[in-house]
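# Per-entry structural report
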Amino acid sequence: MMRAVGAILLLAIAASIAASQPPPLRVVSRVDLEKYSGKWYEIARLPNNFQSRCGSDVVAHYTTRSDGRLNVINQCRKPDGQIVQARGILRKAGDQKNNAALQVRFAPAILSFLPNVWGDYWIIGIGPDYTWSVVGVPDRRYLWILSRTPSMSASSYEQALEIGKGNGFDTSALVKTPQRIEERRTRN
């Protein structure tokens with residue numbers, strides 16, 4: 001009798017854990033990495049520790065490499081006006097079947113063999129002609145909405161939000177990123 005109760009209790013716990021797990025993240029079916037290369041402006045993000053010093057002007061520059069990976073330079077402006085940069089590499093994740101499931105590394109190359117230096121970077125939405133992108137991670141802790149321009153149309157932003165919501169992200173927690181880069185250029 002006690003064994004049966006124990007087994008039922010274990011099954012209930014396992015079912016509870018499985019029910020609390022979000023469904024798998026849905027990535028786009030394929031990404032043309034040549035088209036994805038270039039400059040992206042961060043429009044909004046879920047707050048995170050590694051970007052806590054970024055006050056505005058968050059951009060990412062991607063360039064293709066001959067080995068199929070992408071170089072990435074992320075930069076932002078701190079509240080004191082100083083520009084900070086982080087250089088990294090994007091590679092295909094997992095089984096290499098879908099190039100929209102990527103991983104990024106900002107640690108030195110010598111540490112590449114360590115699995116925890118690679119973070120997930122999954123492209124879950126792409127706008128027409130690669131005008132905007134939605135990037136998230138499977139555990140739903142990080143989400144970014146990116147655009148080729150410093151601002152997005154309301155309809156494109158709504159489409160990006162719907163992709164985030166549809167993938168189980170709390171889009172109500174998104175923080176919009178001030179983009180003052182273009183303002184500074186036009187004044188000078």
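Residues numbered from 1 in each chain as written. Predicted model: local features only at pLDDT ≥ 70, side-chain atom pairs only at ≥ 80, totals over all residues. Heavy atoms only, no water.

### Re the overall build of the chain
Looking only at helices and strands, the chain has four helices and nine strands in total. When its helices and strands are written in sequence order, the chain yields α-α-β-β-β-β-β-β-β-β-α-β-α. Split into buried and exposed, the 188 residues of the chain put 40% on the buried side. Counting contacts in the chain only where the partners sit at least 6 residues apart, residues at least 24 apart contribute 51% of the total. Looking at the chain as shown, the accessible area adds up to about 11,000 Å², and 57% of this sits on carbon and sulfur atoms. (Helix = DSSP H or I, 4+ residues; strand = E, 2+ residues; numbered from the N terminus. Buried < 20%, exposed > 50% of the residue type's maximum accessible area, 1.4 Å probe, protein only. Contact = heavy atoms within 4.5 Å. Areas by Shrake-Rupley, 256 points an atom, 1.4 Å probe, with all protein chains shown as cover.)

### Remarks on the layout of surface pockets
In this structure, the largest pocket encloses a volume near 710 Å³. Around the largest pocket sit 33 residues that line it, and Phe50, Gln51, Asn74, Phe106 and Trp144 are the ones nearest its centre. If you list the elements that add at least two residues to the lining of the largest pocket, you get strand S1 (38-45), strand S2 (56-64), strand S3 (70-77), strand S4 (83-92), strand S5 (101-105), strand S6 (118-126) and strand S8 (143-147). Here the residues of the lining of the largest pocket are counted per class, giving 22 nonpolar, five polar and six charged. (1 Å grid on protein atoms, 1.4 Å probe; cavity = no way out; pocket = protein on both sides within 12 Å on 5 of 7 lines; lining within 4 Å. Points joined across faces, edges and corners; volume = space filled by probe spheres on them. Nonpolar A, V, L, I, M, F, W, Y, C, P; charged D, E, K, R; others polar.)

### A few points about the state of the cysteines
Within the structure shown, the criterion is met by one disulfide. The partner cysteine of Cys54 in its disulfide is Cys76, sulfur to sulfur 2.1 Å. Its torsion about the S-S bond being -75 degrees, the disulfide of Cys54 and Cys76 is classed as left-handed. Residue Cys54 is found in the loop between S1 and S2, and its partner Cys76 is found in strand S3; the two are separated by 22 residues along the sequence. Of the residues examined, Cys54 reaches a relative accessible area of 13% and is grouped as buried. (Disulfide = S-S within 2.5 Å.)

### Some points on unusual backbone geometry
Residue Asp129 is not a glycine yet carries a positive backbone phi of 55 degrees. If you trace the backbone, Asp129 turns up in the loop between S6 and strand S7 (132-136). Despite not being glycine, Tyr130 shows a phi value in the positive range, around 60 degrees. Position of Tyr130 among the secondary structure elements: in the loop between S6 and S7.

### Side note on the pairing of S7
Burial within S7 is extensive, with five of its five residues counted as buried. Alternating residues of S7 divide into Trp132, Val134 and Gly136 and Ser133 and Val135, and every residue in both groups is buried. One ladder, built from four bridges, connects S6 with S7; its direction is antiparallel. Looking across to S7, one finds that Trp122 is bridged to Gly136. Hairpin connection between S7 and S8: a loop of six residues separates the two successive antiparallel strands, and Arg140 in this loop has a positive phi of roughly 65 degrees. (Pairing = 2+ DSSP bridges.)

### Some thoughts on the environment of Ser156
In this structure, Ser156 sits in helix H3 (residues 154-166). C-alpha separation for the pair Ser156 and Gly127, spaced 29 residues apart in sequence, amounts to 7.7 Å. Only 3.0 Å separates the side chain of Ser156 from the side chain of Ser153, close enough to count as a polar contact. (Polar contact = N/O pair within 3.5 Å; in protein donor to acceptor, adjacent residues only side chain to side chain.)

### Section: the confidence of the model for the chain
Here the chain shows a mean pLDDT of 85. Residues at 70 or above account for 83%. Mean pLDDT values over the elements of the chain span from 47, in helix H1 (residues 2-20), up to 98, in S8. Low confidence marks residues 14-19, where pLDDT is under 50. Its contacts with residues over four positions away, or in another chain, come to zero contacts. (pLDDT = per-residue confidence, 0-100.)

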